[in-house]
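Spelled out from the first residue to the last, the chains are:
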Amino acid sequence: MASDPELNETRRSFFSRQGLASLMWQPPGADETTTRLPHADDSQADTLVRDAYIKRLGLKMADGGHASWGTVRVLGKNVDAEIVSSEASFACLAADTELNLVAELLKANWRLRPPSVLLSVTGSAQDMALEPHLELLFKRGLAESARSTNAWVITGGTDSGVMALAGAAIAENSSARGELTPCIGIAPFRCVTGKDKLHGPGAGERTVSYRKVRANSTVSAALDPHHTHFLLVDNDKTPGFGGEIRFRTQLEERLSNDMRIPKVLLVLSGGKGTVEMVAESVKRCTPVVLVKESGGAAQAIAEFLAPLLPHKEQLLQNRPLLAERTASQYRAFAA
């Protein structure tokens, strides 16, 4: 894809600032009003119009069958083990769905107000034992950054690891301020616990009560109760965790380019899937923020890059030298 000088300049001006909580930029004329849940106060007529609109999009599953969408009421527990519930819009759809249709779903059907930035969060999918001060800083920084920039926050959508942490941060901030920041979970459909409630015979529009029925594992996980929207990606070629990564990175890039807004990837801990997510993002020239102190993939990538950073300007101007130094650092790092 050809470089867009104006978009690149926007990205540079945005990400020249330091720290998550300082992401205060907004484009000229941006509306600071945050987005409400599209179904919260809508009339039955509004709902029927939106359902008809999604039918017109013709969304499909991986096997070619009709997709499912609607509203899911997610029951779960917060950090204090209290039962919480929330309503979210959801759609199950094939991994090769045309991105313009997905963008239309988000903006026209779900009525998400155009954001000023996309904050994409990735990292550990397992429960994390972060230092309390680091967890607090991350939650506060993410919530304030999302609120002050009228952002969309995008995660993996399940109730574990960094996804649950991000969801809770956004929900707590939204509740305290009486505002709503969209928190969009993009998860592999075939790995969602209780997926048969979300898609099955008949497909089409549905309203679902959803609760966690078993513990998360390496093959399945429950939806997080703090997200506001879910895109559940059906990939018959890569049905497990990770099968949604390419769809997610391509969709984020499409949204960033179409709406002419910057995107940043925030990395907290993580494993192999996180490294793949970072690699896909870097290929698309997406800025990446690594929380080194969180350990895992974030720390490993940061330590790999550390010896190269003092020579950044020289290396970026000499690609053969950059390739040589990177290969050398890889050999030393892997030894």
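Keep in mind it's a predicted model, so treat the numbers as computed, not measured.

(A) View of the overall build of the protein. Of regular secondary structure, the protein possesses eleven helices and nine strands. Taken across its 335 residues, the protein has 49% of its residues classed as buried. In the structure as shown, the protein presents an accessible area of about 16300 Å², 52% of it carried by carbon and sulfur atoms.

(B) Structural detail: the pattern of salt bridges. In the structure shown here, the tally under the stated rule is eleven salt bridges. Between Glu280 and Arg246 there is a salt bridge whose closest N-O contact spans 3.3 Å. You can see Glu280 sitting in helix 8 (residues 272–283) and its partner Arg246 sitting in helix 7 (residues 245–259), a full 34 residues away along the chain. Its relative accessible area of 7% is what places Glu280 among the buried residues.

(C) Layout of the environment of Gly185. With respect to the helices and strands, the residue Gly185 is situated in strand 5 (residues 183–188). Judged by its relative accessible area of 0%, Gly185 is buried. Not counting the four nearest positions on each side in its chain, Gly185 is found in contact with Thr155, Gly156, Gly157, His227, His229, Phe230 and Leu231.

(D) Structural context of the side chain of Asp224. Within the element layout of this structure, Asp224 appears in the loop between strand 6 (204–211) and strand 7 (229–234). The buried charged residue Asp224 lacks any salt bridge partner; its closest oppositely charged side chain belongs to Lys212, at an N-O distance of 8.8 Å. Looking at Asp224, its side chain comes within polar contact range of the main-chain nitrogen of His226, at 3.0 Å. Side chain to side chain, Asp224 and His227 meet in a polar contact 2.8 Å long. Not counting chain neighbours up to four residues away, the residues in contact with Asp224 comprise Val74, Gly157, Thr158, Asp159, Met163, Ala164, Gly167 and Phe230.

(E) Layout of helix 4 (residues 132–148). Helix length check: helix 4, at 17 residues, gives a terminal C-alpha distance of 24 Å against a target of 24 Å (1.5 Å per residue), a fit within 8%. Within two residues after helix 4, Asn150 carries a phi angle of roughly 55°, on the positive side.

(F) Examining the pairing of strand 7 more closely. With six of its six residues buried, strand 7 lies for the most part within the structure. Two strands pair when backbone bridges link them, and strand 5 and strand 7 are joined in this way by five bridges, in the parallel orientation. Considered in strand 7, the bridge of Pro188 is made with Val233.

(G) Just the pairing of strand 9 (residues 288–291), in detail. Here four bridges tie strand 8 (residues 263–268) to strand 9, and the two strands are oriented parallel to one another. Opposite Leu268, over in strand 9, you have Val291 as the bridge partner. For the crossover from strand 8 across helix 8 to strand 9, the handedness is right-handed.

(H) Representation of the packing of aromatic side chains in the model. Throughout the structure, instances matching the rule amount to one aromatic pair. Seen from their ring centres, Phe304 and Phe333 are 5.5 Å apart, and the 90° between their planes marks the pair as edge-to-face. Of this pair, Phe304 sits in helix 9 (residues 296–305) while Phe333 sits in helix 11 (residues 319–334), and the two are 29 residues apart along the sequence. By relative accessible area, Phe304 is classed as buried at 16%. Classification of Phe333 as partly exposed rests on a relative accessible area of 38%.

(I) Geometry of the packing of helix 9 against helix 11. As a packed pair, helix 9 and helix 11 sit with axes 10 Å apart at the nearest point and diverge in direction by 125°. Between helix 9 and helix 11, the crossing angle belongs to the class labelled oblique. In this structure, the crossing between helix 9 and helix 11 has a hand that is right-handed. Where helix 9 approaches helix 11, its residues Ala300, Glu303 and Phe304 are matched on the opposing element by Thr326, Gln329, Tyr330 and Phe333. Looking at the contact of helix 9 with helix 11 residue by residue, the class counts come to four nonpolar, two polar and one charged.

(J) Structural context of the nonpolar core. In terms of nonpolar packing, the biggest core is built from 42 residues, with Val72, Leu198, Tyr210, Leu231, Leu232 and Phe247 touching the most fellow members. Sorting elements by how many residues they give to this core places helix 3 (residues 99–109) first, with six residues. In this structure, Leu198 is in contact with Ser68, Val72, Phe90, Cys92, Val192, Arg206, Val208, Tyr210, Leu223 and Leu232, ignoring residues within four places of it in sequence. By size, the runner-up hydrophobic cluster in this structure holds 20 residues, among which are Val117, Leu165, Cys183 and Leu266.

Here is what the cut-offs are and how they apply
- Residues numbered from 1 in each chain as written.
- Predicted model: local features only at pLDDT ≥ 70, side-chain atom pairs only at ≥ 80, totals over all residues.
- Heavy atoms only, no water.
- Helix = DSSP H or I, 4+ residues; strand = E, 2+ residues; numbered from the N terminus.
- Buried < 20%, exposed > 50% of the residue type's maximum accessible area, 1.4 Å probe, protein only.
- Areas by Shrake-Rupley, 256 points an atom, 1.4 Å probe, with all protein chains shown as cover.
- Salt bridge = Lys/Arg side-chain N within 4 Å of Asp/Glu carboxyl O.
- Contact = heavy atoms within 4.5 Å.
- Lys, Arg positive; Asp, Glu negative; His and termini not counted.
- Polar contact = N/O pair within 3.5 Å; in protein donor to acceptor, adjacent residues only side chain to side chain.
- Expected span 1.5 Å × (residues − 1).
- Pairing = 2+ DSSP bridges.
- Right-handed = clockwise from strand over helix to strand, strands pointing away.
- Phe/Tyr/Trp six-rings, centres within 6.5 Å; stacked < 30°, edge-to-face > 60°.
- Axes fitted to C-alpha atoms, helices over the stretch in contact; angles between N-to-C directions.
- Parallel < 35°, antiparallel > 145°, perpendicular 65-115°, else oblique.
- Left-handed = near helix turned anticlockwise from the far one by under 90°.
- Nonpolar A, V, L, I, M, F, W, Y, C, P; charged D, E, K, R; others polar.
- Core = buried A, V, L, I, M, F, W, Y, C linked by side-chain atoms within 4.5 Å.

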